[in-house]
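Residue-level listing of the chains:
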Amino acid sequence: MLQLKDITKNYSVASSDILALKGINIEFRKSEFVSILGPSGCGKTTMLNIIGGLDRYTEGDLIINNRSTKEYKDKDWDSYRNHRIGFVFQNYNLIPHQTVLANVELALTISGVSKAERRKRAKEALELVGLGSQINKKPNQMSGGQMQRVAIARAIVNNPDIILADEPTGALDSETSVQVMNILKDIAKNKLVIMVTHNGDLATEYSTRIVRLLDGKIIDDSNPYSSSEENIQTADSDDSVSKKKKKEKVSMSYTTALSLSLKNLLTKKGRTFLTAFAGSIGIIGIALILSMSNGFQKYIDKVQQDTISTYPISITEEVMNYTSMMQSMLGTDDKDNSENADSDKIYTKPVLNETLKTLMKEIKVNDLAKFKKYIEDNRSNLEPYINDIQYTYGIDLNIYAADTSKEINKVNPSTMMMDMYGYSSGDNPQSSLMTQFTTVNLWTQMMDNRELLDSQYDVIAGKWPEKYNEVVIVVNKDNSITDFTEYALGIRNAKELKNIINLLGSGKEINSVSKEYSYNDLMNLKFKLVLSPSYFRYNENNKRWEDKSKDENYVKDLINNGIDINVVGIIRPSEDAVATSIQGSIAYTKELVEEVLERCKQTDIVKEQLNNKDVDVFTSLPFIKDNEELENITVDDVKKYIATLPAEQQQMINAYIGMMNDEQLIDVFKSQIQTVSAANYDDNMKKLGFADISKPATINIYAKDFESKDEITAFIDKYNDMVTAAGNEKDTIEFTDYVGLMMSSVSSIINAISYVLIAFVSIALIVSSIMIGIITYISVLERTKEIGILRSIGASKRDVSRVFNAETLIVGLVSGSLGIGITILLDIPINFIIKKISGISNVARLPWQGALILIGISMFLTLVAGLIPSKIASKKDPVIALRSE
């Protein structure tokens, strides 16, 4: 069964070799109780360790079941120790943080036995040694004799062929020693028991064979044994052996490794917590940086998004490239003459000529119809970068207060200039500043992006518009509206402004009175929309369209029969909104504009103009396109035009021209017609409030952020390249990048902040990794004996490495979780302080994805940091490891 053939063992100590065993030749029976006696240092334990596969012989051969072990690999020795050998040590070598049952189960666990089966077999082994009622105790709760019996139960639980006992009674009293010896004697009836002891009396009383060693040699054998050697084979020479080896393959599961490590860590809760906390310091630093970085990035993104939504890329029909013009004016072009400049002199940089040239050439007409089609055909390419694309058509919505019982109150477009000064915005060019101030329409089209609107506004009453004729009122963050908004809502009539101007002009003080409105007051407001073509009525008598916008009764009828406009909600900028996309006080949807255009298209006057684009629908005369057409005007054309005028005007004109000849009449007409009838087709359509939906006057592209703006610019450049390549350079699109001019440095600042944060994160990661590696190495040193125990019961080097990898993973998980928890708690006062100082809310907020990633990083780093210590653990000599304390 077991044979040692010419076994020698050398140990290298310093520069010399020590010969521990000198040609040991011995063979053992399948079942007998062999005691090995001899003085200390004679090689007893070395011989036992070689038999048990814990140590390797230098020369000779260890033959197991007629098979040589010369070709054994590590995995063969691991399997041999696990399935064929059971160790009983003098100092028990139980794992202190495991229960009695778990200690006994361990060998079965490494063998891959199922949980139910190993529990059953472990209990049976403990019953056999008389400890069936002690299974849940820890080793430190038991006496020395009980612990040795646990060690015996562990040795026999896997039903090995050989039990190796190294001084099993050396630490026991005589009574307990007898109990242990009786157990070993019973085991020896069916198995080979080899015991190393100094106690000759016990050996003589219980052993069936006594072998004496001296100076590494066998000097006496009381009952020698010899068998035939003809069937000795190499380790891999028999197929049946290979099959058995496959069956006996050992491998510790990750679950077992985790269980061993977790129980070890729990035995030192305070130490484990402090270790985890030390490891979590780096994670806390990273998590705090990530919290701040995430919060500030979200704030920056919000600033970008809100700013971009306020300042879109705006492309108009006629555009002056202010970017080029400002670069010329500021001299910020790419030309650099510093190479030839004398550092002791100042040079002028001529920019005036370039600025004037730029000013003259940078006005361009964009073909927005073609560009809109290109956008719609390729919108999928733009979607990732835009919040919305808004098309405007240069038309005004004629909005009136629905109640006309007292007076007509037009709320849009603004009539404030007319009401205050008695002239329209274009009548007095010297008051341009006041004009701009008072003609801003407070009715404005909102973006078609509900998600963005929801992020910028809170609906404090009602809802967002869902139908074309629904609008919302926009209030300020403090729930206030200006008196301008009161006029825009029709709550106050703009005509009273005339009295205010007169009072101020006379030096009188005007006391402003603040009013209060309930949500219902505002949401109950009713408006009417009048189509621009409705102001014109066809006169059958003189066959022309008459402008009835000054006829109060006519306009009242139009209002009463107009399109209902209903207020369905009140919105307020959200607390964290940096900028908002709605510029006015009353917001409507693009569907209202589309509905107005479609209804206008169905009116008779618009149809007439659409059907005859060369003739002015108001004068019945051809549009004057150039001076050549004026040269071709005849007296009949003049008389035909006069016939279209009202009867009173006809009488006045006929009296005036009665004294003129034909040539004078034509000259006067030419001079007057250029002033009076300089309209063209587009002007008429604008007057009629109609535009072709495929030909916008302005295209506003709202980018998601600054990077997206660059992608949109690239999209436009691609279009320009395409039309240029097709030979249509005149169709290229030009626009002024206002956002780029104002915000060009923001991206650089953001990048700089990001780089600084990354640097902090990198430092924290390095510190954390070094610390975790050191902690893991300390754990390896502390658990050296456990490593020896695991190896003695068949655990492979990989299994040992796996145990410590599992421990580092647990420490990493606890460290990461602890770091995240502490970070979340620290975020509370940090947010409070930042809010107090800057007014910015929720800056420090750790994203859950980031938290999970950080825990994963913590586990990964601890695993990586523990690879070297775990490798060191796996390579420890099990014999040396078992001797450590």
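Residues numbered from 1 in each chain as written. Predicted model: local features only at pLDDT ≥ 70, side-chain atom pairs only at ≥ 80, totals over all residues. Heavy atoms only, no water.

K.L.:
With reference to specific residues and values, describe unusual backbone geometry.
P.N.:
Leaving glycine aside, a negative phi is the common case for residues, and trans is the common case for peptide bonds. In this model, N412 is joined to P413 through a cis peptide bond whose omega is -5°. Topologically, P413 is positioned in the loop between β16 (410–412) and α15 (416–421). Positive phi, normally seen in glycine, also occurs at N65, with a value near 50°. Mapped onto the elements of the fold, N65 is located in the loop between β4 (59–64) and β5 (67–68). (Helix = DSSP H or I, 4+ residues; strand = E, 2+ residues; numbered from the N terminus.)

K.L.:
Outline the nonpolar core, supporting the account with residue identities and numerical values.
P.N.:
Where a protein is soluble and globular, its nonpolar side chains tend to be buried together. L2, L4, F28, M47, L184 and I194 are the most contacted members of the largest nonpolar core, which has 82 residues in total. Setting aside residues up to four positions removed in sequence, I194 forms contacts with L2, F28, V34, I36, L48, I51, I162, I163, L164 and A165. Among the nonpolar cores identified, the runner-up in size contains 71 residues, and V530, I563, I565 and F618 belong to it. (Core = buried A, V, L, I, M, F, W, Y, C linked by side-chain atoms within 4.5 Å. Buried < 20%, exposed > 50% of the residue type's maximum accessible area, 1.4 Å probe, protein only. Contact = heavy atoms within 4.5 Å.)

K.L.:
Give me the pattern of salt bridges: which residues, what numbers.
P.N.:
Scanning all chains against the criterion turns up 25 salt bridges. Here D78 ties to R791 by a salt bridge, and the two come within 3.6 Å at their closest N and O atoms. Of this pair, D78 sits in helix α2 (residues 74–83) while R791 sits in helix α32 (residues 784–792), and the two are 713 residues apart along the sequence. With its nearest N and O atoms 2.6 Å apart, the salt bridge here joins R209 to D221. Of the two residues, R209 is situated in strand β9 (residues 209–214) and D221 in strand β10 (residues 217–221); the sequence distance between them amounts to twelve residues. As far as the burial class goes, R209 and D221 line up, both buried. It is possible to trace a salt-bridge network through shared partners that takes in R29, E32, R209 and D221. (Salt bridge = Lys/Arg side-chain N within 4 Å of Asp/Glu carboxyl O.)

K.L.:
How would you sum up the environment of V193? Please name residues and give values.
P.N.:
Within the fold, V193 resides in strand β8 (residues 192–196). The exposure class assigned to V193 is buried, which follows from its relative accessible area of 0%. On a C-alpha basis, the gap between V193 and K30 in space is 9.3 Å, while along the polypeptide they are 163 residues apart. Apart from the residues within four sequence positions on either side, V193 is in contact with E32, F33, V34, I163, L184, I187 and A188.

K.L.:
Residues and numbers for helix α3 (residues 100–111), please.
P.N.:
In terms of burial, α3 is a largely internal element, twelve of the twelve residues being buried. For α3, every residue scored as buried is listed here: V100, L101, A102, N103, V104, E105, L106, A107, L108, T109, I110 and S111. In this structure, the buried residues of α3 make contact with α2, α4 (115–128), α5 (144–156), α9 (254–266), α32 and α33 (797–838). Of the residues trailing α3, G112 is marked for its positive phi of about 85°.

K.L.:
Give a detailed account of the side chain of T46, specifying residues and quantitative values.
P.N.:
When you line up the elements, T46 lands in helix α1 (residues 44–51). Apart from residues no more than four positions distant in its own chain, T46 is found in contact with K9, Y11, A20 and L21.

K.L.:
Break down the sheet that holds strand β2 (residues 16–28) for me, with residues and values.
P.N.:
Reading across the sheet, the four strands line up as β2-β1-β4-β5 and stay open at both edges, with antiparallel pairing between neighbours. Two strands bound the open sheet, and with one partner strand each, they are β2 and β5. The pairing of strand β1 (residues 2–13) with β2 spans nine bridges and is antiparallel. Residue pairing for β2: L2 is matched across the bridge by F28. Against the sheet, α1 touches β1, β2 and β4, its axis set at about 65° to β2. (Pairing = 2+ DSSP bridges. Axes fitted to C-alpha atoms, helices over the stretch in contact; angles between N-to-C directions.)

K.L.:
Run through the packing of aromatic side chains, naming residues and quoting values.
P.N.:
All chains considered together, the criterion is met by twelve aromatic pairs. Taking 6.4 Å as the distance between ring centres and 20° as the angle between the ring planes, the aromatic pair formed by F371 and Y374 counts as stacked. Here the residue F371 and the residue Y374 both occupy positions in helix α13 (residues 368–377), the gap between them amounting to three residues, near one helical turn. F371 sits in the buried class, given a relative accessible area of 0%. For Y374, a relative accessible area of 10% gives the class buried. When the centroid spacing of 4.9 Å and the interplanar angle of 50° are considered together, the rings of Y374 and Y719 count as tilted. Taken as a pair, Y374 in helix α13 and Y719 in helix α29 (residues 706–725) lie far apart in primary sequence, 345 residues in all. (Phe/Tyr/Trp six-rings, centres within 6.5 Å; stacked < 30°, edge-to-face > 60°.)

Just distances and angles here, no functional claims.
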